[in-house]
Amino acid sequence: MTCSMRSGDSNEGPVTMSAEAEQKMQFLFALRSRGVTDEAVLKAMERIDRGAFVRGVFAERAYEDMPLPIACGQTISQPSVVGLMTQALKISPRDKVLEVGTGSGYQAAILSQLARRVYTVDRHRRLAQSAQAIFTELGLSTIITMTADGSHGLPEQAPFDRILVTAAAEDPPGPLLAQLKIGGIMILPVGQSDTVQTLIRVTRTGETSYDYDELRQVRFVPLLEGLGQD
Ligand code: SAH
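What counts, and where the lines are drawn
- Residues numbered from 1 in each chain as written.
- Predicted model: local features only at pLDDT ≥ 70, side-chain atom pairs only at ≥ 80, totals over all residues.
- Heavy atoms only, no water.
- Pairing = 2+ DSSP bridges.
- Helix = DSSP H or I, 4+ residues; strand = E, 2+ residues; numbered from the N terminus.
- Axes fitted to C-alpha atoms, helices over the stretch in contact; angles between N-to-C directions.
- Contact = heavy atoms within 4.5 Å.
- UniProt positions renumbered as here; feature names shortened; annotations may be inferred.
- 1 Å grid on protein atoms, 1.4 Å probe; cavity = no way out; pocket = protein on both sides within 12 Å on 5 of 7 lines; lining within 4 Å.
- Points joined across faces, edges and corners; volume = space filled by probe spheres on them.
- Nonpolar A, V, L, I, M, F, W, Y, C, P; charged D, E, K, R; others polar.
- Core = buried A, V, L, I, M, F, W, Y, C linked by side-chain atoms within 4.5 Å.
- Buried < 20%, exposed > 50% of the residue type's maximum accessible area, 1.4 Å probe, protein only.
- Near = heavy atom within 4 Å.
- Polar contact = N/O pair within 3.5 Å; in protein donor to acceptor, adjacent residues only side chain to side chain.
- Areas by Shrake-Rupley, 256 points an atom, 1.4 Å probe, with all protein chains shown as cover.
- Sits in = over half its atoms within 2 Å of the grid points.

### Thoughts on the sheet that holds strand β5 (residues 143-147)
Consideration 1: Strand order in the open sheet formed by seven strands is β5-β4-β3-β6-β7-β8-β9, with mixed pairing between adjacent strands. Unpaired on one side and paired on the other, β5 and β9 (210-218) mark the two borders of the sheet. Direction aside, neighbouring strands of the sheet carry axes that sit 15° apart on average.
Consideration 2: The strands touched by helix α4 (residues 79-89) within the sheet are β6 (160-165), β7 (180-190), β8 (197-204) and β9, with β7 carrying the most contacts at an inclination of about 160°.
Consideration 3: Across the sheet, helix α6 (residues 125-138) touches β4 (117-122) and β5, and the angle it forms with β5 is around 160°.

### So, the UniProt feature "active site" (unreviewed entry) in the chain
Consideration 1: Feature annotation in UniProt places "active site" (unreviewed entry) on S77, given in this structure's numbering.
Consideration 2: Along the polypeptide, S77 turns up in the loop between β2 (75-76) and α4.
Consideration 3: S77 has contacts with R50, M66, P67, V82 and F220, leaving out every residue within four places of it along the chain.

### A closer look at the layout of surface pockets
Remark: the empty space left among the atoms is shown by a probe the size of a water molecule rolled over them.
Consideration 1: Reported here for the largest pocket is a volume of approximately 610 Å³.
Consideration 2: Along the walls of the largest pocket sit 35 residues, with T75, T166, A167, F220 and V221 positioned nearest its centre.
Consideration 3: In the lining of the largest pocket, the residues fall into 15 nonpolar, 15 polar and five charged.

### Describing the nonpolar core
Consideration 1: Ranked by internal contacts, the top residues of the largest apolar core, which has 45 residues, are F53, Y106, F135 and I187.
Consideration 2: The greatest single-element share of this core, amounting to six residues, is contributed by α4.
Consideration 3: Here Y106 is in contact with F27, M45, I48, R50, F53, I76 and V82, once residues within four sequence places are set aside.
Consideration 4: In terms of nonpolar packing, the next biggest core, distinct from the first, is built from 18 residues, F160, I163, V165 and M186 among them.

### Considerations on the site of the ligand
Consideration 1: S104, D122, D149, G150 and L224 are the nearest of the 28 residues found near the ligand.
Consideration 2: Interatomic distance of 2.6 Å between a backbone N/O atom of L224 and a nitrogen atom of the ligand.
Consideration 3: Burial of the ligand by the protein chains amounts to 99% of its free accessible area of 580 Å².
Consideration 4: The pocket occupied by the ligand, as judged from atoms lying within 2 Å of grid points, is the largest pocket.
Consideration 5: Contributing elements (two or more residues each) for the shell around the ligand: β2, β3 (96-100), α5 (106-112) and β4.

### Observations regarding α4
Consideration 1: Among the 11 residues that make up α4, 11 are buried, leaving the element largely enclosed by the rest of the structure.
Consideration 2: Listing the buried residues of α4 in full gives P79, S80, V81, V82, G83, L84, M85, T86, Q87, A88 and L89.

Have a look at this one:
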């Protein structure tokens, strides 16, 4: 108890600062030790404060490498998984990226540091709206947030250089494959089980040809059809 009183005392500013700096260092160390080595991705994750996307009782765990509950029964992904997926996308600064599954907005914010424009969609209006409010607060003006069933993609904005799906489907949705540019990359979890899926990378190599690579085992919430209740 004494500790938390001390850190709340405004005369103890430098103590709070160094605790924050140490927390950030540990956060970045955990990312590196789990295989996030791309410097641009690490820099993006250093700049975007995960704490801004986690509210309520779990806020104090925002810098731990674990998934956390958010509204609508969904989860904000584990930071190292966010880092590994972002790294696997090999984003270039001129890329237009689609994210399916906005959730808290954290992943989209990271993408916005690397790409020209990010479209992010969630089937829950409430999540899309609260993520949008955070983007506005943080001045992340290159992110466009929408409420939609993302398994249909965004035909009016297609094609995309990169697509990231942060909810698990049985197979890569056809519309998303069709909306990927030739030479483009899509990262998504696929599998029939709710408890474990395989993260795959799809590279569109031609008009009708795609390469598939398996990256690792992951666990995501399911990609559901239609819009959510709220
Ligand atoms: N990327 C998020 C975590 C995603 S959790 C983050 O950084 O916090 C998965 C999200 O996918 C949930 O918010 C869920 O509502 C959304 N989702 C599931 N099925 C969907 C669909 N068909 N279209 C759009 N969003 C979907």
